[in-house]
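Architecture and fold: a report
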Amino acid sequence: MKNIVLTRIDDRLLHGQVVVSWIPFSKADEVVIVDDEYSKDEFMSQIIKNAAPNNIDVKVLSTEEASSYLKSDDNGSRILILSRYIEYVDELIKSNVAIDSLNVGGLGSGKGRERCLNSIHLNGDEINLLKNMEQRGIKVELKTLPKDRAVTVEQVSK
């Protein structure tokens, strides 16, 4: 199994906040973008890869490809998983990818979503998915930056 150092939900994927704060904080040297749509879109995949620092390897994979890759032998990389959707991370967990914690850091507003914290908006289904992850022993925290105080799903779903 690969060495996953951080799993983050952020609909902006690889952007300044991740590059400047989360990559150094996690000491990641590889980013795996899990996105069924963008994995098939050469243009978007290239834009995402171009946002990374030169010393960071970036892969844009479907959930199925990511599951297979992340369950393969550890090659010494420190991997940061990024996804736009909680559902994609849930699929990885259900396929037995060893994810022990999840950071929810940026989900924009949308149909049925309510603001929970800063730039984090969730709907009822997403909150239930996060609660189910917690029940499976996965630590779930809502936090925009590494220095911020973590907020639990329970705190925002009351």
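Conventions we followed
Residues numbered from 1 in each chain as written. Predicted model: local features only at pLDDT ≥ 70, side-chain atom pairs only at ≥ 80, totals over all residues. Heavy atoms only, no water. Salt bridge = Lys/Arg side-chain N within 4 Å of Asp/Glu carboxyl O. Helix = DSSP H or I, 4+ residues; strand = E, 2+ residues; numbered from the N terminus. Buried < 20%, exposed > 50% of the residue type's maximum accessible area, 1.4 Å probe, protein only. Pairing = 2+ DSSP bridges. Axes fitted to C-alpha atoms, helices over the stretch in contact; angles between N-to-C directions. Contact = heavy atoms within 4.5 Å.

A side chain with one charge can pair with a side chain of the opposite charge if their charged atoms come near. Taken as a whole, this structure holds 11 salt bridges when the rule is applied. Across the salt bridge formed by Lys 94 and Asp 90, the nearest N and O atoms sit 3.1 Å from each other. Of the two residues, Lys 94 and Asp 90 are both situated in helix α4 (residues 86–94); the distance of four residues between them amounts to about one turn of the helix. Taking the relative accessible area as the measure of exposure, Lys 94 reaches 57% and is therefore exposed. Here Asp 90 falls in the buried class, since its relative accessible area comes to 5%. As a salt-bridge pair, Asp 148 and Lys 147 come within 3.7 Å of each other at their nearest N and O atoms. Lys 147 sits in the exposed class, given a relative accessible area of 72%.

With that settled, the discussion passes to the side chain of Thr 7. By secondary structure assignment, the location of Thr 7 is in strand β1 (residues 3–10). Residue Thr 7 is classed as buried on the basis of its relative accessible area of 2%.

Bringing the sheet that holds strand β5 (residues 101–106) into the picture now. Strand order in the open sheet formed by six strands is β3-β2-β4-β1-β5-β8, and the pairing between neighbours is parallel. Each of the sheet's edge strands pairs with one partner strand only, and the pair in question is β3 (57–61) and β8 (139–142). The sheet shows a mean angle of 20° between the axes of neighbouring strands, direction not considered. The pairing of β1 with strand β4 (residues 78–83) spans six bridges and is classified as parallel. Opposite Thr 7, over in β4, you have Ile 81 as the bridge partner. The strands touched by helix α1 (residues 16–26) within the sheet are β1, β2 (30–34), β4 and β5, with β1 carrying the most contacts at an inclination of about 150°.

A few words on unusual backbone geometry. Despite not being glycine, Asn 96 has its phi angle at roughly 75°, a positive value. Within the element layout of this structure, Asn 96 appears in the loop between α4 and β5. Residue classification places Asn 96 among the exposed residues on the basis of a relative accessible area of 60%. If you check the backbone angles, Asn 118 has positive phi at about 40° while not being a glycine. With respect to the helices and strands, the residue Asn 118 is situated in the loop between β6 (114–117) and β7 (120–122). Residue class for Asn 118 comes out partly exposed when judged on its relative accessible area of 42%.

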